[in-house]
Amino acid sequence: MIAQDTVVLWNRPEAQGYFRLGLACSSGFDSAKPGQFVMVRIGSEVDPLLRRPFSLLGLIHEQDRVAGIEILFKVVGKGTDRLSRCKVGDRLSVIGPLGNTFLVPETCRRLILVAGGVGVPPIRFLAHRLLAQEEPLRRCLVFVGGRSKEDLVCLTEFDLPGFLLDISTDDGSRGNLGVVTRSLEKALDAEPADLICACGPQGMLKAVAQIAIQRNIACQVSIEAMMACGMGACLGCAVAVRDDDARYRHVCTDGPVFDAHRLKW
Ligand SMILES: Cc1cc2nc3c(=O)[nH]c(=O)nc-3n(C[C@H](O)[C@H](O)[C@H](O)COP(=O)(O)OP(=O)(O)OC[C@H]3O[C@@H](n4cnc5c(N)ncnc54)[C@H](O)[C@@H]3O)c2cc1C
Ligand code: FES
């Protein structure tokens, strides 16, 4: 995997503290998939020293080819603050696509997607990919949650044929009052699902995994870890698993999407 210089096409606020960044890429993203991520160098080679990982929100198409990528980021520290100041035409070195993807079997009839806060990007990419399939899923429930309405991003992008959107906020400022997993449980009480795909904060993912495990529903989660290299070299992103042949897996090379039943929560 080699680094490439990308050019900022747009960098616009999406919601309070969130930015949507479009990057023109020369090559390498034609077969990029939902769940995959990029390592972005922000600023000089020394400050911040490490590249930062961001999931793909989607691909930018120009005529018949993939001309770039889009990411959505939340400003949480030095790197993302710098990223929010990037201007159209600035150059950013990017490595990717990295990592694995969600796997939705063709036999899946009832799919549930769950996104919390900044976990929206891979779920949004997955929803659009499913829609573009030759035989798109006809029933998909999407649960999006946030602390308050300011944390809800890209909602209109789930307004897709065959998709039903259910919104929750912890403070009730938009949608259902309470955590997104409460709404998820209610929906599962009404009708079970074949598969749940989720991305969001660790606490939310743990709760989703517990629900899936209790109800014996297949569940794939895209998880985060602190990443120094993103390519399996530093071994800093290990997570404990229940696999027969390993006690640990690496989020960057074995993930970021994992079978929720195989992770040690
Ligand atoms: C596979 C993957 C995909 C990601 N996708 C996205 C995305 O699509 N959009 C997005 O906004 N963010 C995403 N993140 C998180 C993003 O990489 C971090 O928010 C970013 O690196 C923070 O950089 P910073 O310099 O601004 O913050 P720092 O100054 O490095 O840290 C600020 C605070 O954020 C915490 N933090 C930093 N990195 C992480 C992390 N990886 N996980 C949890 N906490 C962290 C630090 O502990 C600290 O408290 C992803 C992370 C991973 C591993
Ligand atoms: S981030 Fe270095 S091994 Fe995963």
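Residues numbered from 1 in each chain as written. Chains lettered and ligands numbered in written order. Predicted model: local features only at pLDDT ≥ 70, side-chain atom pairs only at ≥ 80, totals over all residues. Heavy atoms only, no water.

**Student:** Describe the nonpolar core, naming the residues involved and giving the relevant values.
**Tutor:** Generally speaking, soluble globular proteins have nonpolar side chains that are buried together. With 34 residues, the main nonpolar core has Ile112, Val114 and Ile196 as its most contacted residues. Secondary-structure elements contributing two or more residues to this core are β3 (37–40), β7 (91–98), β8 (111–116), β9 (140–146), α3 (180–190), β12 (195–199), α4 (202–214) and β13 (218–222). The element contributing the most residues to this core is α4, with six residues. Shared between two domains, this core holds at least three residues of each, these being domain 1 (2–98) and domain 2 (110–224). In contact with Ile196, other than residues within four places in its own chain, are Ile112, Val114, Leu188, Val208, Ala212, Ile217, Ala218, Cys219 and Gln220. Val120, Val142, Leu152 and Leu195 belong to the second largest nonpolar core, which has 28 residues in total. (Core = buried A, V, L, I, M, F, W, Y, C linked by side-chain atoms within 4.5 Å. Buried < 20%, exposed > 50% of the residue type's maximum accessible area, 1.4 Å probe, protein only. Helix = DSSP H or I, 4+ residues; strand = E, 2+ residues; numbered from the N terminus. Domains from an automatic or database assignment. Contact = heavy atoms within 4.5 Å.)

**Student:** Give a detailed account of the site of ligand 1, specifying residues and quantitative values.
**Tutor:** Looking at ligand 1, there are 19 residues lining it, with Arg52, Pro53, Lys74, Gly79 and Thr80 nearest. One of the backbone nitrogen or oxygen atoms of Lys74 is found 2.8 Å away from an oxygen atom of ligand 1. In the model, an oxygen atom of ligand 1 is placed 2.7 Å from a nitrogen or oxygen of the Gly79 main chain. Protein contacts shield 74% of the accessible area of ligand 1, which totals 870 Å² for the unbound molecule. Of the pockets mapped on this structure, ligand 1 occupies the largest pocket. Broken down by element, the residue count for the shell around ligand 1 peaks at four residues, all from strand β4 (residues 52–55). Taken together, the residues that form the shell around ligand 1 break down as eleven nonpolar, four polar and four charged. (Near = heavy atom within 4 Å. Polar contact = N/O pair within 3.5 Å; in protein donor to acceptor, adjacent residues only side chain to side chain. Areas by Shrake-Rupley, 256 points an atom, 1.4 Å probe, with all protein chains shown as cover. 1 Å grid on protein atoms, 1.4 Å probe; cavity = no way out; pocket = protein on both sides within 12 Å on 5 of 7 lines; lining within 4 Å. Sits in = over half its atoms within 2 Å of the grid points. Nonpolar A, V, L, I, M, F, W, Y, C, P; charged D, E, K, R; others polar.)

**Student:** How would you sum up the sheet that holds strand β2 (residues 18–24)? Please name residues and give values.
**Tutor:** The sheet built from seven strands is open, its strands ordered β4-β3-β7-β1-β2-β6-β5 with antiparallel pairing. Strands at the two margins of the open sheet, each flanked by one partner only, are β4 and β5 (58–62). Averaged over neighbouring strand pairs, the angle between their axes works out to 40 degrees when direction is ignored. As judged from the seven bridges shared by β2 and strand β6 (residues 65–74), these two strands associate in the antiparallel manner. Directly across from Leu23, in β6, lies its bridge partner Ile69. On top of the sheet, helix α2 (residues 120–132) reaches β2, β4, β5 and β6; it is set at about 50 degrees to β5, its chief contact. (Pairing = 2+ DSSP bridges. Axes fitted to C-alpha atoms, helices over the stretch in contact; angles between N-to-C directions.)

**Student:** Go over the sheet that holds strand β11 (residues 176–177), please, and point to the residues and values.
**Tutor:** Taking strand neighbours across the sheet as the criterion, the seven strands line up as β11-β10-β9-β8-β12-β13-β16 in an open arrangement whose pairing is mixed. Of all strands in the sheet, those with a lone pairing partner are β11 and β16 (257–259), marking the two edges. Of the pairings in the sheet, the one linking β13 to β16 comprises three bridges and is antiparallel in character. Each bridged residue has a counterpart across the sheet, and for Ser222 the counterpart in β16 is Val257. Lying on the sheet, α4 is in contact with β8, β12 and β13; it crosses β12 at an angle near 170 degrees.

**Student:** Lay out the domain arrangement of the protein with the relevant residues and their values.
**Tutor:** Split by domain assignment, the protein resolves into domain 1 (2–98) and domain 2 (110–224). The interface of domain 1 with domain 2 comprises 16 residues on the first partner and 14 residues on the second. Across the domain 1 to domain 2 interface the summed buried area is about 1400 Å²; carbon plus sulfur atoms make up 64%. Area buried by domain 1 at its contact with domain 2 is led by Tyr18, Pro34 and Leu57, which between them contribute 37% of it. In this structure, Glu157 and Arg20 form a salt bridge, with 2.6 Å as the shortest nitrogen-oxygen distance. The tally of links between domain 1 and domain 2 comes to five residue pairs in polar contact (both at pLDDT 80 or more). Secondary-structure elements contributing two or more residues to the side of domain 1 that touches domain 2 are β1 (3–15), β2, β5 and β6. Of the residues that constitute the side of domain 1 that touches domain 2, the class distribution is eight nonpolar, four polar and four charged. (Buried area = accessible area lost by both parts, 1.4 Å probe. Salt bridge = Lys/Arg side-chain N within 4 Å of Asp/Glu carboxyl O.)

**Student:** Talk me through unusual backbone geometry; I want residue IDs and the actual numbers.
**Tutor:** A cis amide bond, omega 0 degrees, links Gly96 with the succeeding residue Pro97. Here Pro97 shows up in strand β7. Located in the positive-phi region is Gln63, a residue other than glycine, with phi close to 50 degrees. With respect to the secondary-structure elements, Gln63 resides in the loop between β5 and β6.

**Student:** Can you explain the UniProt feature "binding site: [2Fe-2S] cluster" (unreviewed entry) in the protein? Please cite residues and give values.
**Tutor:** Taking the UniProt record as the reference, the feature "binding site: [2Fe-2S] cluster" (unreviewed entry) is found at Cys229, Cys234, Cys237 and Cys252. Taking the farthest pair of C-alpha atoms as the criterion, the annotated set spanning 24 residues converges on one region, since that pair is 10.3 Å apart. Considering the arrangement of structural elements, one finds Cys234 in the loop between β13 and β14 (238–240). Residue contacts for Cys234: discarding those within four places in its chain leaves Ala228 and Cys229. Those residues in contact with Cys252 that sit more than four places away from it in its chain are Phe37, Gly99, Met227, Gly230, Met231, Gly232 and Cys237. (UniProt positions renumbered as here; feature names shortened; annotations may be inferred.)

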